[in-house]
Amino acid sequence: MTDVATAPVRPPSARFTIGVSLKMYFSHARTLEWSTEIAEIARRHPAVRQGVVELFVVPTFPSLVPVQEALAGTPVRLGAQDLATDDAGAFTGEVSGAELAEIGCTLAEMGHAERRALFHEDDAVVAAKTAAALRHGITPLLCVGEADETSPALAALEVTQQLDLALAAADEAGLTGALLVAYEPLWAIGAPVPASAGHITAVVAAVEEHLAGLPDRAGSRVIYGGSAGPGLLTGLDGRVRGLFLGRFAHDASAVERILDEALALDETLAGSAATTATADTAVPRDRVTS
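Residues numbered from 1 in each chain as written. Predicted model: local features only at pLDDT ≥ 70, side-chain atom pairs only at ≥ 80, totals over all residues. Heavy atoms only, no water.

Visitor: Explain the overall build of the protein chain to me, please; I cannot follow it from the model alone.
Guide: Of regular secondary structure, the protein chain possesses 11 helices and eight strands. For the protein chain, contacts bridging at least 24 residues in sequence account for 74% of all contacts bridging at least 6. Counting every atom, the protein chain has about 13,300 Å² of accessible surface; 56% of that belongs to carbon and sulfur. (Helix = DSSP H or I, 4+ residues; strand = E, 2+ residues; numbered from the N terminus. Contact = heavy atoms within 4.5 Å. Areas by Shrake-Rupley, 256 points an atom, 1.4 Å probe, with all protein chains shown as cover.)

Quick look at the structure:
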């Protein structure tokens, strides 16, 4: 049997990663109903069946096991909204990465603006949680984002600094593994509309470049959250590798519409790549000999 602590889960080669956090909006019954709808969509939708999209869901702690059962037979990944900094002990109310891995979670969220603001989690706590996830083969779903609306360059600087601080404990412990980074500018969370496409793509590109320089984080991916919903993936023209959805995905049909977008974008991008490849390999007429 493979030891999960030595076999970290890495994001797949899917073109897009789409995920949903339910936060604390749903009842237990509604969570299971929604998860069953998502599972049915995942079983039939070509974007998921063909591996174009990696789909994940992040329900509340009491729902994790029954949601895992609802998702059985699908490739949908299960994530937790939090995890403890420690692996065992007298920590009333906490849930460890060890237990999350045991029940089938392959993602755990940390660094969200709400956790920082409401529960006073600082950079040291986020770093400890990132390390705890990696210790157990769980992909950190690391939320980063600038506090105030600013230029993409300044936003990218702030976000990459957050990323480095979040990795400090893992780096010190020699823990390797990919991250799933959710870029969520704080000023866009809960707003009527997301950040502009130009801002999103510029910051995401900067974070991807930063991650590319970290060999211990090979296979990492950056997606966008912050008032993300149907239409945004198309508006980003495939330049961002996915979305982290919130309230706009409470209706499962909205998730299906985003999967439709992803499939259409994949076909467009594949066609563009094929055209470019054909043009690059074509022999100029003045070089053709008889």
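Visitor: I'm lost on the sheet that holds strand 5 (residues 139–144) in this one. Help?
Guide: Each strand in a sheet pairs with its neighbour through backbone hydrogen bonds, running either in the same direction (parallel) or in the opposite one (antiparallel). Spatially, the eight strands close up into a barrel ordered 1-2-3-4-5-6-7-8, and their pairing is parallel. With direction set aside, neighbouring strand axes in the sheet form an average angle of 25°. By the bridge criterion, four bridges tie strand 4 (residues 107–110) to strand 5 in an arrangement that is parallel. Bridge pairing links L107 to T139 in strand 5. The sheet strands contacting helix 6 (residues 123–135) are strand 4 and strand 5, and the helix crosses strand 5 at an angle near 155°. (Pairing = 2+ DSSP bridges. Axes fitted to C-alpha atoms, helices over the stretch in contact; angles between N-to-C directions.)

Visitor: Can you walk me through the nonpolar core in this structure?
Guide: The nonpolar side chains of a soluble globular protein tend to be buried, and buried together. Core analysis: the biggest nonpolar cluster contains 67 residues, and Y224 and L243 have the highest contact counts within it. With seven residues, the top contributor of residues to this core is helix 11 (residues 252–281). Dropping the residues within four chain positions of it, Y224 is found in contact with Y183, P185, A188, P194, A195, I200, L232, V240, G242, L243 and F244. Among the nonpolar cores identified, the runner-up in size contains nine residues, and F56, C143, L180 and I223 belong to it. (Core = buried A, V, L, I, M, F, W, Y, C linked by side-chain atoms within 4.5 Å. Buried < 20%, exposed > 50% of the residue type's maximum accessible area, 1.4 Å probe, protein only.)

So, to be careful, I would describe these as geometric facts and stop short of saying anything about function.
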